[in-house]
Number of protein chains: 2
Amino acid sequence: MMEPRISLVTLGVRSLRRSVRFYRDVLGWTTNYAEGDPIAFYQLNGMVLGLFGHEALAKDARVSPRRRGFRGVTLAHNVRSRRAVDEVFVQIRRGGGTIVKPPEVAEWGGYSGYFADPDGHLWEVAHNPGWKLDKRGAVVLP
Amino acid sequence: MMEPRISLVTLGVRSLRRSVRFYRDVLGWTTNYAEGDPIAFYQLNGMVLGLFGHEALAKDARVSPRRRGFRGVTLAHNVRSRRAVDEVFVQIRRGGGTIVKPPEVAEWGGYSGYFADPDGHLWEVAHNPGWKLDKRGAVVLP
């Protein structure tokens, strides 16, 4: 079964520099973002906040980037293996859920897919070999 | 300063019953939701997932419920006192952030306000006397 966990909340942004300034300089949160990076991560309470281009985020989830259809937010649930990703999708398929992007090998070296909840909120289920999960399943950024 | 933390992710939904079924029966997550409740909470990894009517959620944040303007998602950052809520809003105002709803006493017995990030993603900052924060600031549902 899919454990009750959000590993990553990713917000689609129009200007990564502008948003990094807001979260880093106004809120005061730490990021390892460096000029030119395509994405910015912030270590939060056992989970991660990501900032990523609106269009790029929509493309990753394989949905239309039009504001109307895509809310610019994805929620991610990370697991410990590729097999565990597949298992979640079996569970979703069995329950009649909507699979948006079946799991596949990702450019960033992991394995992930997306499903939608009844209102179209997007959940990514991912195995990222570069991100460790602690005993409770919380993400710890490298 | 606002600590790096998301306490609650709330998803706006069209039918609470339908969504509770999905998260409870398809994903298998535990909720204390009872028929007729206006909102459903799920205890996750030191944070909470909330399901709430799309219109009601927009109203709470004091934004238009039209799909186009409102993404149907809010992120909440809970703190330990009303004063701490006010302090965050001073920080946001000082940084030139957009205050959507200045903090006020809420019907549910707490104190909260909303600000928007540069792309309009909504953050609620709240003190909820009924929700305890552990040492690390993670929410533990009663």
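The shown structure was predicted, so the numbers you read here are calculated from the model rather than taken from an experiment.

Quick rundown of helix H2 (residues 54-61) of chain A? Include the residues and the values.
Residue and element names in this part refer to chain A. Within the span of H2, buried status applies to Leu57, Ala58, Asp60 and Ala61. Angularly, the buried residues of H2 cover 160 degrees about the axis, an arc narrow enough to put them on a single face. Looking at the buried residues of H2, the elements they touch are strand S1 (8-13), strand S3 (48-53), strand S4 (73-78), strand S5 (98-105), strand S6 (111-116) and strand S7 (122-127).

Explain the sheet that holds strand S5 (residues 98-105) of chain B residue by residue, including any values.
Each strand in a sheet pairs with another by means of backbone hydrogen bonds, the pair being arranged parallel or else antiparallel. Residue and element names in this part refer to chain B. Ordered by their spatial adjacency, 7 strands build an open sheet running S2-S3-S1-S4-S7-S6-S5, and the pairing between neighbours is mixed. With one partner strand each, in any of the chains shown, strand S2 (39-43) and S5 form the two edges of the open sheet. If you compare each strand with its neighbour and ignore which way they point, the axes differ by 20 degrees on average. Looking at chain direction, strand S1 (residues 8-13) and strand S3 (residues 48-53) are connected through 6 bridges and run parallel. Bridging from a neighbouring strand, Val9 pairs with Leu49 of S3.

A description of the interface of chain A and chain B should follow, citing residues and the corresponding values.
Contacts between the two partners involve 41 residues from chain A and, on the opposite side, 41 residues from chain B. No other element matches the 5 residues that helix H1 (residues 16-26) of chain A contributes to the side of chain A that touches chain B. Among the residues making up the side of chain A that touches chain B, the classes are represented as 20 nonpolar, 11 polar and 10 charged.

Parameters at a glance
Residues numbered from 1 in each chain as written. Chains lettered and ligands numbered in written order. Predicted model: local features only at pLDDT ≥ 70, side-chain atom pairs only at ≥ 80, totals over all residues. Buried ≥ 20, exposed ≤ 12 C-beta atoms within 10 Å, placed from the backbone. Helix = DSSP H or I, 4+ residues; strand = E, 2+ residues; numbered from the N terminus. Arc of directions from axis to C-beta. Contact = placed C-beta atoms within 7 Å. Pairing = 2+ DSSP bridges. Axes fitted to C-alpha atoms, helices over the stretch in contact; angles between N-to-C directions. Nonpolar A, V, L, I, M, F, W, Y, C, P; charged D, E, K, R; others polar.

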